[in-house]
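Understanding the architecture of this molecule
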Amino acid sequence: MTVPDIERTPPGIDPRLIDACVHCGFCLPTCPTYQLWGEEMDSPRGRLHLMRQHVEGTPVTPEMAGHFDACLGCMACVTACPSGVRYDRLIEQTRAEVEREHHRPLTDRVFRELVFRLFPYPRRLRALRPALRLTEGLRRRLAPVLARLDPRLGAMADLAPPITPRVRLPRLVRARGPRRARVGLLAGCVQGEFFPRVNAATARVLALEGCDVVIPRGQGCCGALSVHSGRPEEAAGFARHVIETFERAGVDTVVVNAAGCGSSTKEYGELLAGDPAWQVRAKGLRFVDLAEYLAELGPVAERHPLPLVIAYHDACHLAHAQGVRAQPRELLAGIPGLRVREIAESAICCGSAGTYNLFQPEAARQLGDRKAGHVAATGAQLLVSANPGCTMQIAAALRRRGDRPIPVAHTAQVLDASLRGLPVSTLLAAR
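As a starting point, this report considers the structure included with it. Since the structure is predicted, the reported quantities are computational estimates derived from the model, not experimental observations.

The secondary structure content of the chain amounts to 25 helices and nine strands. Here the C-alpha radius of gyration of the chain, 21 Å, is about what a compact globule of 431 residues would show, namely 22 Å. Reported as C-alpha extents along the three principal axes, the dimensions of the chain are approximately 60 × 50 × 45 Å. In the chain, which comprises 431 residues, the proportion classed as buried is 58%.

Below you can see the structure in the form of structure tokens.
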């Protein structure tokens, strides 16, 4: 996909957003890095202090950049803040400043460029599939060796999921029974190429609930990885392409099944605020999470029993950034025989956070192992997640534990199994 012309986003951190902070400290217990290290400058309040220093004229130093890079952008602090501080906007603005001003070491620049030249491009990810399938066992054995050379390389080898057969979805999946709605489906990059069965399950569930599902070719990346990593101009280009694609498809509602993508697409209006014409076009489309949309639509398809104990994982960009918490639980609770168990510290990030587990592998590993321990403690037979990054992160951490294997499935796959009356074993073998 060729990225369309990009807009020039005005640089700078908005000091008015910083002023909203009253330094109460409610954010501290919710911040993953503060939980790990107990350092004030690695808390939202501390980072806001550094942001103010920069606004008042202090250049971005390597130490300052390190504290900003260590932030996961999980938005748990946004949920906890009683003053409504827009830390989500501030960290995006700050990261753009870091990328403009901070000169990273050569190895860091090369690795970051590799990530951003690969992951937002489905065709490039697709080209990797044969090699990843052939080397799966080798990669697992080499991960510790690569980690000693460079922890980022070890993380890439450890996180890569098993490669399943590619699923090519039709451009239109017709509603089963009376049509209740017509929606688009955002296929995603990592979701589409590494977890194609999730998209297939999503389309089937929507169709069984009475939706015509339009899946345009060539959607490309939504821009989530770029906007969360201080590359707003690049993200704006991706956003324009997505908007054009679904406008041509003739839909006004687009269902998203990846939490990070859902968060970013809902914020296209803010991302494109510098171009009023594109901002209007962005607001003409409604991007909505799958669970959120199904809860609004209401069930019509029969739910078959699934005698299964699951643990539900709150993806940060679903729970904190989008405020979607109750809907997935309600949908899962509506399946006969299914029991949902809560995970301790559910509001604390698993360490995935888009590209965080590649750029900050040590901290991400600590958070992943912490989350995996809480998942194992539930005694669940299956972990349910709604974000591909979380799925890869927690699955890798569960493998490292070496005890009872706990497979990971998407909410859509659980609903799909129930609606189609599939056996539990289908989910326990889910990938």
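For soluble globular proteins, the rule of thumb is that nonpolar side chains tend to be buried together. Counting residues in each nonpolar core, the largest one holds 61 residues, and the members touching the most others are Leu206, Val213, Tyr293 and Val414. Per element, the largest residue contribution to this core is seven residues, and it comes from helix α12 (residues 196–208). Those residues within four positions of Val213 in sequence are excluded, and the remaining contacts are Arg171, Leu172, Val173, Val183, Leu185, Ala203, Leu206 and Ala207. Judged by nonpolar contacts, the second largest core, of 24 residues, contains Val242, Ala249, Val251 and Cys261.

All right, on to the sheet that holds strand β3 (residues 211–214) then. Strand order across the open sheet formed by five strands is β1-β3-β2-β4-β5, with mixed pairing between neighbours. Because the sheet does not close on itself, it has two edges, and the strands there are β1 (172–173) and β5 (286–289). Sheet topology places strand β4 (residues 253–256) next to β5; four bridges connect them, and they run parallel. Residue pairing in the sheet places Val255 in a bridge with Val288 of β5.

Glancing now at helix α20 (residues 326–333). Among all positions in α20, only Gln327, Pro328, Arg329, Leu331 and Leu332 are buried. On its buried face, α20 is in contact with α18 (290–297), β6 (308–312), α19 (316–319), β7 (338–341), β8 (382–385) and α24 (411–420).

Checked against the element boundaries, Gln393 lands in helix α23 (residues 388–401). In this structure, Gln393 is in contact with Leu159, Cys350, Gly351, Ser352, Asn357, Ala364, Arg365 and Gly368, ignoring residues within four places of it in sequence.

What follows covers the pattern of salt bridges. According to the stated counting rule, one finds 34 salt bridges in the structure shown. Note that Asp212 and Arg174 form a salt bridge whose closest N and O atoms lie 3.7 Å from each other. Of this pair, Asp212 sits in strand β3 while Arg174 sits in the loop between β1 and β2 (181–186), and the two are 38 residues apart along the sequence. For Glu342, the salt bridge goes to Arg329, with nearest N and O atoms at 2.8 Å. In this pair, Glu342 is assigned in the loop between β7 and α21 (356–359) and Arg329 in helix α20, connecting sequence segments 13 residues apart. On the basis of relative accessible area, Glu342 is assigned to the partly exposed category, the value being 45%.

Calculation criteria
Residues numbered from 1 in each chain as written. Predicted model: local features only at pLDDT ≥ 70, side-chain atom pairs only at ≥ 80, totals over all residues. Heavy atoms only, no water. Helix = DSSP H or I, 4+ residues; strand = E, 2+ residues; numbered from the N terminus. Rg over C-alpha atoms; globule rule 2.2 N^0.38 Å. Buried < 20%, exposed > 50% of the residue type's maximum accessible area, 1.4 Å probe, protein only. Core = buried A, V, L, I, M, F, W, Y, C linked by side-chain atoms within 4.5 Å. Contact = heavy atoms within 4.5 Å. Pairing = 2+ DSSP bridges. Salt bridge = Lys/Arg side-chain N within 4 Å of Asp/Glu carboxyl O.

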